[in-house]
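# What the coordinates show
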There are 2 protein chains.
Amino acid sequence: MNAPNFSAAHLKVACSNCNLRELCLPVGMALSDLEKVEAIVANGRRVKRGEHLFRAGDRFENLYALRLGFLKSTVTSSDGREQVTGFHMAGELVGLDGISSDAHSCDVVALEDAEVCVIPYPRLEEVASAVPVLRNHLHKVMSREIVREHGVMLLLGSMMAEERLSAFLLNLSQRFEARGYSRSEFVLRMTRAEMGSFLGLKLETVSRVLSRFAQDGLLEVNQKHVRIVDPDGLRNVVSGQATCPPN
Amino acid sequence: MNAPNFSAAHLKVACSNCNLRELCLPVGMALSDLEKVEAIVANGRRVKRGEHLFRAGDRFENLYALRLGFLKSTVTSSDGREQVTGFHMAGELVGLDGISSDAHSCDVVALEDAEVCVIPYPRLEEVASAVPVLRNHLHKVMSREIVREHGVMLLLGSMMAEERLSAFLLNLSQRFEARGYSRSEFVLRMTRAEMGSFLGLKLETVSRVLSRFAQDGLLEVNQKHVRIVDPDGLRNVVSGQATCPPN
DNA sequence: CGTTTCGTTGAAGAGTGTCAAGGCCAGTGG
DNA sequence: CCACTGGCCTTGACACTCTTCAACGAAACG
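Fair warning: this is a prediction, and the values are worked out from it, not measured in the lab.

### A look at helix α6 (residues 161-178) of chain A
Residues and elements named next belong to chain A. Under the 1.5 Å per step criterion, the end-to-end length of α6 is 26 Å for 18 residues, consistent within 8% with the ideal 26 Å. Of all the positions in α6, only Glu163, Arg164, Leu165, Ser166, Ala167, Phe168, Leu169, Leu170, Leu172, Ser173, Arg175 and Phe176 are classed as buried. In the segment just after α6, Gly180 is the residue with positive phi, at about 90°.

Printed below as a string of structure tokens:
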């Protein structure tokens, strides 16, 4: 743990000129309100690849805004089975699970070196109560998480392996695009096993389906590097349609 | 639609002497704060079996506290597949999905005649901002929903049919008990197909597993009526343990 | 450069889905 | 009161998807 102070200093927060602001905070927020937020957001925290941001059972104190890097969150059943519940990219808020019981109920791990803004929750609640636009935003973020999970339930409950993978890749693609990266070419930060866990499949199945997609000309796959060749083809897979042209 | 006025009058809300208060509102709430809540909670609304409380796409205006009855919520994919995302019992809050986008993203349907308290969301936000204990409660309810869905993802992503059904029945049992009903004997308000949709199984599989449980002496099943004979046996099924005693 | 982790692929098997037939039950109308 | 109807549930046989087990290859790491 060398030079934590340096690291902390380096990560001084400045929402006002953070390029993730529009992902993380409501648009059109008054400068004066922005300052209130900056005032409570502690310095950032670095999480190295493989390290935990927090664990299930940890006391809940902060929300975290992901500034840089890539995270996964997982839940573990009493008998030890692990389920990936989500992957997180820059601009997303993690830790909402902790609000319900003052303790976290899932683990969050960095899949690549990450930096987060630490947001003490009690103080966020205070500010949010006083700043309607922030309060609304916070509620929307939580609600959006609920809706997202509905989508995952649909995926897990009623789709075949190919549809799941296809929906997953399209979702990643869209999120990369929203962050200014290529929507057709990106690197999968997670392993096949982690994808499989998230999608309710075994890693071998994930691998096989990716190979099949590549063979069908939908993707180019090179280990973790993926290029989407035929996005419409992928969308057809999700819709349960055959890859062949409509009759 | 006979006598809507009568119906509305009959359903006048009175949180202060509602026996669901401890499920629905924070404990130890000051009487003065309770009055603020009562002031915004509109008269109740009845939803007959089979009718919608709201539909995906409906403008989001209210949250609903379920006073009486049994609801299901479902999401539908673009190609028409329907997934049950939850079943709701008295004291639970529904409609949180709508906050994210000012429109609902799921359908909620009554599985038996129901009554809900209608809570205009904008006014709830105002009151919640002013009443910390209510604000905290609202946030906890949303967070709890997120955590609940994590559990469903675990179920859908990593459990076998028998484990899913077993976990589902135990969950229902617990919720009935929390409401003062028998934890061992209850009526399933949903069809086999609806259970299957929620659990990511086909109705035939649900039926078969229930029969198997009955044959193994874990349950007595009579159509929609279920009696849990061996709760520990059911718990062992969820843990992935065999039904036989531990070695 | 060995070691480890991760990924790919094949063959065989288990668990669910699909299809089909029939039973049970509540509601309806004769 | 009874037959009829339609929705729901159960059960069997079979097909299919996905998992399991296993071997090997490729990349990452110290």
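### A look at the protein's contact with DNA strand C
With respect to spatial proximity, 17 residues lie near DNA strand C, and among them Arg192 and Ser211 of chain A together with Ala161, Thr205 and Arg208 of chain B are the closest. Taking the atoms of DNA strand C that fall within 4 Å of the protein, sugar and phosphate contribute 67% of them. A distance of 3.0 Å separates a phosphate oxygen of DNA strand C from a polar side-chain atom of Lys224 of chain A. Within the contact set of DNA strand C, a phosphate oxygen lies 3.1 Å away from a backbone nitrogen or oxygen of Lys202 of chain B. Mapped onto the surface near DNA strand C, the elements with two or more residues apiece are α8 (203-215) of chain A together with α8 (203-215) of chain B. Considering every element that reaches the surface near DNA strand C, the biggest residue donor is α8 of chain A, with five residues. Class assignment for the residues of the surface near DNA strand C results in four nonpolar, six polar and seven charged.

### With respect to the pattern of salt bridges
If you walk through the whole model with that rule in mind, you get 36 salt bridges over all chains. Arg135 of chain B serves as the salt-bridge partner of Glu125 of chain A, at 3.6 Å between the closest nitrogen and oxygen. Of the two residues, Glu125 of chain A is situated in helix α4 (residues 121-130) and Arg135 of chain B in helix α5 (residues 132-158); the pairing between them involves two chains. On the accessibility criterion, Glu125 of chain A (6% relative accessible area) is buried. Its relative accessible area of 13% is what places Arg135 of chain B among the buried residues. The partner of Arg227 of chain B in a salt bridge is Glu220 of chain B, with the nearest N and O atoms 3.1 Å apart. Judged by its relative accessible area of 28%, Arg227 of chain B is partly exposed. Taking the relative accessible area as the measure of exposure, Glu220 of chain B reaches 44% and is therefore partly exposed.

### Looking at the interface of chain A and chain B
Each partner contributes residues to the interface: chain A has 45 residues there, and chain B has 45 residues. Buried surface at the junction of chain A and chain B, summed over both partners, amounts to about 3900 Å²; 59% is from carbon and sulfur atoms. Applying the counting criterion to the chain A and chain B interface returns six salt bridges. Here Glu163 of chain B and Arg81 of chain A are joined by a salt bridge, their closest N and O atoms 3.0 Å apart. Going through the elements one at a time, β4 (82-88), α4 and α5 (132-158) of chain A are the ones with two or more residues in the side of chain A that touches chain B. No other element matches the 19 residues that α5 of chain A contributes to the side of chain A that touches chain B. When its residues are assigned to classes, the side of chain A that touches chain B shows 17 nonpolar, 16 polar and 12 charged.

Thresholds applied
- Residues numbered from 1 in each chain as written.
- Chains lettered and ligands numbered in written order.
- Predicted model: local features only at pLDDT ≥ 70, side-chain atom pairs only at ≥ 80, totals over all residues.
- Heavy atoms only, no water.
- Helix = DSSP H or I, 4+ residues; strand = E, 2+ residues; numbered from the N terminus.
- Expected span 1.5 Å × (residues − 1).
- Buried < 20%, exposed > 50% of the residue type's maximum accessible area, 1.4 Å probe, protein only.
- Near = heavy atom within 4 Å.
- Polar contact = N/O pair within 3.5 Å; in protein donor to acceptor, adjacent residues only side chain to side chain.
- Nonpolar A, V, L, I, M, F, W, Y, C, P; charged D, E, K, R; others polar.
- Salt bridge = Lys/Arg side-chain N within 4 Å of Asp/Glu carboxyl O.
- Contact = heavy atoms within 4.5 Å.
- Buried area = accessible area lost by both parts, 1.4 Å probe.

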